Amino acid sequence: MFAKAFRVKSNTAIKGSDRRKLRADVTAVFPTLGTDQVSELVPGKEELNIVKLYAHRGDAVAVYVSGGNPILFELEKNLYPTVYTLWSYPDLLPTFTTWPLVLEKLVGGADLMLPGLVVPPAGLPQVQKGDLCAIALVGNRAPVAIGVATMSTAEMLASGLKGKGFSVLHTYQDHLWRSGDKSSPPSIAPLALDPPDLGEEKGSVQADATLQGDMRHLALEGEEEEDEEVQQMCGEKSQSEATEDPSVGGLNPDPTDSKTLQEQMDELLQRCFLHALKCRVKKADLPLLTSTLLGSHMFSCCPEGRQLDIKKSSYKKLSKFLQHMQQEQIIQVKELSKGVESIVAVDWKHPRITSFVIPEPSPTSQTIQEGSREQPYHPPDIKSLYCVPASMTLLFQESGHKKGSVLEGSEVRTIVINYAKKNDLVDADNKNLVKLDPILCDCILEKNEQHAVVKLPWDSLLSRCLEKLQPAYQVTFPGQEPIVKKGKIGPIDITLAQRASNKKVTVVRNLEAYGLDPCSVAAILQQRCQASTTVTPAPGAKDSLQVQIQGNQVHHLGRLLLEEYQLPRKHIQGLEKAPKPGRKK
């Protein structure tokens, strides 16, 4: 869009009311940004202008400029960040990776073709058609372009990574970037699960040679006249298909296995498929999207230390593999909606399923990282307690307790019963009633009841007493001393948020209260969901982090927290937000 010079129509300062509206719009479009971050992006007092311009194709665009740099632009009532903004907030959008030589073509107005993507070991970020995405280069997470996905991740994978993947709107080095301070992208280290930097792994000379060879797998759309070298780069294979180095592709094959890499991957694919059908997929799940079978079930059945990559198998595509399984009459696949296949039937009595031996779970499959040490996660023992407030000290002082004393529910019951018996408050005519003396009246009755209620049943007396006490709780982690805190323990909170282009993200908060490391949980979910994850400070919570996962991943979260981590359901809030079977996430 900004590959050629644009024409400026007007440049005016933004008023205070318009700044507030812009902040509200930014918050609505990018809910992952905290209040402080939004205020930093759209300042309250510093210079902020709106530049109205016409792109070279005639599109009317409004550009917001702060500190001399364009930070946002608006096109057809849609708000987009510039690369300057993405360098400050690199995780604002799901990010796809391509090769450095592609950038020149993108700057020239080309769109990004799917063969040009670099597929990380954890898989591509989960997006839907029309979602706004960032594009970065191998070795640096700083985005160099933004574009709109022309198809969903599932469709990308189903196509074998062929065709146009993204309509590019804005790039580093285009004319919109040139209207700013023309700074270069910062160096942001790739995530741990990103592909390794070939330049660091094999030296600059070998990296250049490798890059030149691997660039055969790029395909670009744009300028009609391309030099011969780039034309040779436009192929059908992806980087993960071309490389023979398993450590780069993430296969991690069994070194003791004499079979070829392809044969090992075929076996791994069938193993994960049979494991998923035998243990994870239920009859109630049918019809089941084939993409859901892969992303939600088969990937999580992959053994520890192995990476499932269909493109490295002899099948190359999930659809071809499932056709083979259908020919063996294990499953039945149908296209219930145009272009989208679902599994509609499974023969759970098939010999291949019944004879499949479920592998022993890896002891590290439920590990939580602690520095360089790993240890299995065990849920804490959580016990509700009660704290004596100042208003009830007279009732509890006879038993040796004072203000701030912490008691269990059974202790409270015993103390109240003993108090009633010791002070001869049990009704002589009806043992189920307790007479209220002045201390009990002051402790448990409301003001309007002081002269109206003289007796209460035992259950009412005890329940009222518990209600008047202040809540507290005790958390005991295995091998550690109990921790007592006032108040009620907050649940693990799962919410869904809407982002740019109507994209959903799943946000999880308060993992730390249950001894869970947000960064470790994010890493596990990134692999299980095959979706990008980020860990950011939780808004309004001091020293607390939240995990954000692309798409509606409540089902994966529920399985992880309930089945693997064995946390009680009552301590998890938001599980009802999981997508209904067969419904698009």
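Thresholds, definitions, all that
Residues numbered from 1 in each chain as written. Predicted model: local features only at pLDDT ≥ 70, side-chain atom pairs only at ≥ 80, totals over all residues. Heavy atoms only, no water. Helix = DSSP H or I, 4+ residues; strand = E, 2+ residues; numbered from the N terminus. Contact = heavy atoms within 4.5 Å. Areas by Shrake-Rupley, 256 points an atom, 1.4 Å probe, with all protein chains shown as cover. Pairing = 2+ DSSP bridges. Axes fitted to C-alpha atoms, helices over the stretch in contact; angles between N-to-C directions. Disulfide = S-S within 2.5 Å. Core = buried A, V, L, I, M, F, W, Y, C linked by side-chain atoms within 4.5 Å. Buried < 20%, exposed > 50% of the residue type's maximum accessible area, 1.4 Å probe, protein only. Phe/Tyr/Trp six-rings, centres within 6.5 Å; stacked < 30°, edge-to-face > 60°. pLDDT = per-residue confidence, 0-100. Salt bridge = Lys/Arg side-chain N within 4 Å of Asp/Glu carboxyl O. Parallel < 35°, antiparallel > 145°, perpendicular 65-115°, else oblique. Left-handed = near helix turned anticlockwise from the far one by under 90°. Nonpolar A, V, L, I, M, F, W, Y, C, P; charged D, E, K, R; others polar. Lys, Arg positive; Asp, Glu negative; His and termini not counted.

Caption draft 1: Layout of the overall build of the protein. When helices and strands are counted, the protein shows 20 helices and 27 strands. Once local pairs closer than 6 in sequence are excluded, the contacts in the protein between residues at least 24 apart make up 61%. Accessible surface, the protein as shown: approximately 29000 Å² in total, 49% of it carbon and sulfur.

Caption draft 2: Examining the sheet that holds strand β4 (residues 69–75) more closely. A sheet is described by the order of its strands in space; here five strands give the open sequence β1-β2-β3-β4-β5, paired in antiparallel fashion. On the outer flanks of this sheet lie β1 (7–13) and β5 (78–81), each paired with one strand and no other. The mean inter-strand angle of the sheet, taken between neighbouring strand axes irrespective of direction, is 25°. Bridge analysis of β1 against strand β2 (residues 48–54) gives six bridges, and the strand direction is antiparallel. Its bridge partner lying in β2, Ala13 is registered against Asn49. Strands in contact with helix α1 (residues 16–29) are β2, β3 (60–66), β4 and β5; relative to β5, the strand with the most contacts, it is inclined by about 80°.

Caption draft 3: Quick look at the state of the cysteines. Inspection of every chain in the model, using the stated rule, returns zero disulfides. Of all cysteine sulfurs in the structure, the one in Cys443 sits closest to Cys465, which takes part in no disulfide; the separation is 7.3 Å.

Caption draft 4: Focus on the nonpolar core. In this structure, Val26, Leu72 and Phe73 are the most contacted members of the largest nonpolar core, which totals 35 residues. Contributing elements (two or more residues each) for this core: α1, α2 (35–41), β2, β3, β4, β5 and β8 (132–137). Among the elements that make up this core, the one with the highest residue count is β3 (five residues). Those residues in contact with Leu72 that lie beyond four places of it in its chain are Leu22, Val26, Phe30, Leu41, Ala62, Val63, Tyr64, Leu79, Tyr80, Pro81 and Thr82. Counting 31 residues, the second largest nonpolar core, distinct from the first, contains Ala276, Phe321, Leu322 and Ile330.

Caption draft 5: Quick peek at the sheet that holds strand β14 (residues 340–346). Pairing is antiparallel in the open sheet, where three strands are placed in the order β12-β14-β13. What marks the edges here is a single partner per strand, and that holds for β12 (288–289) and β13 (331–337). Pairing of β13 with β14 involves six bridges; the strand directions are antiparallel. Bridge pairing in β14 links Val333 to Ile343. Each of β13 and β14 is contacted by helix α13 (residues 318–327), which is oriented at about 130° to β13, the strand it contacts most.

Caption draft 6: Looking closely at the packing of aromatic side chains. Under the definition given, this model contains nine aromatic pairs. Here the aromatic rings of Trp87 and Tyr172 are separated by 6.0 Å at their centres, their planes lie at 65°, and the arrangement is edge-to-face. Residue Trp87 is located in helix α3 (residues 83–88), and its partner Tyr172 is located in the loop between β10 (164–171) and α6 (175–178); the two are separated by 85 residues in the primary sequence. Each member of the pair, Trp87 as well as Tyr172, carries the same accessibility label: buried. Ring plane angle 80° and centroid distance 5.1 Å describe the contact between Tyr315 and Phe321, whose orientation is recorded as edge-to-face. There is no split in this pair, since Tyr315 and Phe321 are both buried. Pairwise contacts between aromatic rings join Phe2, Phe6, Phe73 and Tyr80 into one cluster.

Caption draft 7: A look at the confidence of the model for the protein. Across the protein, pLDDT averages 80, with 83% of residues at or above 70. Contacts from residues 193–256, a stretch scored under 50 in pLDDT, to residues over four places away or in other chains number 122 contacts. Scored below 50 in pLDDT, residues 362–374 shows 27 contacts in the model against residues more than four places distant or in partner chains.

Caption draft 8: Summary view of the pattern of salt bridges. Under the definition given, this model contains 13 salt bridges. Residues Arg141 and Asp91 are paired through a salt bridge, measuring 2.6 Å at the closest nitrogen-oxygen approach. Placement of Arg141 in strand β9 (residues 140–149) and of Asp91 in the loop between α3 and β6 (95–98) is noted, with a sequence separation of 50 residues between them. What makes Arg141 buried here is its relative accessible area of 17%.

Caption draft 9: Seen up close, the environment of Leu425. By secondary structure assignment, the location of Leu425 is in the loop between α16 (409–422) and β19 (433–435). Distance from Leu425 to Leu436, taken between C-alpha atoms, is 7.0 Å for residues 11 residues apart in sequence. Among all residues touching Leu425, those that are not within four sequence positions of it are Tyr419, Ala420, Leu433, Val434, Lys435, Asp437 and Leu440.

Caption draft 10: Region of interest: the packing of helix α19 (residues 518–529) against helix α20 (residues 554–564). In the contact formed by α19 and α20, the axes pass within 10 Å of each other and the chain directions differ by 120°. One element, α19, and the other, α20, form an angle in the oblique class. In terms of crossing hand, the pair formed by α19 and α20 is right-handed. Contacts between α19 and α20 involve Val521, Ile524, Leu525, Arg528 and Cys529 from the former and His556, Leu557, Leu560 and Glu564 from the latter.

Caption draft 11: Local environment of the packing of α16 against helix α18 (residues 458–468). Two elements in contact, α16 and α18, have axes whose closest approach is 10 Å; the angle formed by their N-to-C orientations is 125°. The orientation of α16 with respect to α18, classified from their angle, is oblique. The way α16 lies across α18 gives a crossing that is right-handed. For the pair formed by α16 and α18, the contact residues are Val412, Arg413, Val416, Ile417 and Ala420 on the first element and Trp458, Leu461, Leu462, Cys465 and Leu466 on the second. Across the contact of α16 with α18, the residue classes tally to nine nonpolar, no polar and one charged.

Caption draft 12: The side chain of Arg280, seen in detail. One can find Arg280 in the loop between α11 (261–279) and β12. At 4.4 Å, Glu564 is the nearest oppositely charged side chain to Arg280, a buried residue that forms no salt bridge. Apart from the residues within four sequence positions on either side, Arg280 is in contact with His275, Asp285, His297, Ser300, Cys301, Arg559 and Glu564.

Caption draft 13: Representation of unusual backbone geometry. Across the junction of Leu286 and Pro287, the peptide omega takes the value -5°, indicating a cis bond. Relative to the assigned elements, Pro287 resides in the loop between α11 and β12. One non-glycine residue, Gln566, lies in positive phi territory at about 60°. Note on placement: Gln566 falls in the loop between α20 and β27 (572–573).

Caption draft 14: Expanded view of the pairing of strand β23 (residues 492–499). Here β23 runs beside β27; their pairing, made up of two bridges, is parallel. Bridge pairing links Asp493 to Gln573 in β27. Taken together, the seven bridges between β23 and strand β24 (residues 503–509) define a ladder with antiparallel strand orientation. In the sheet register, Ile494 faces β24, and the bridge partner there is Val508.

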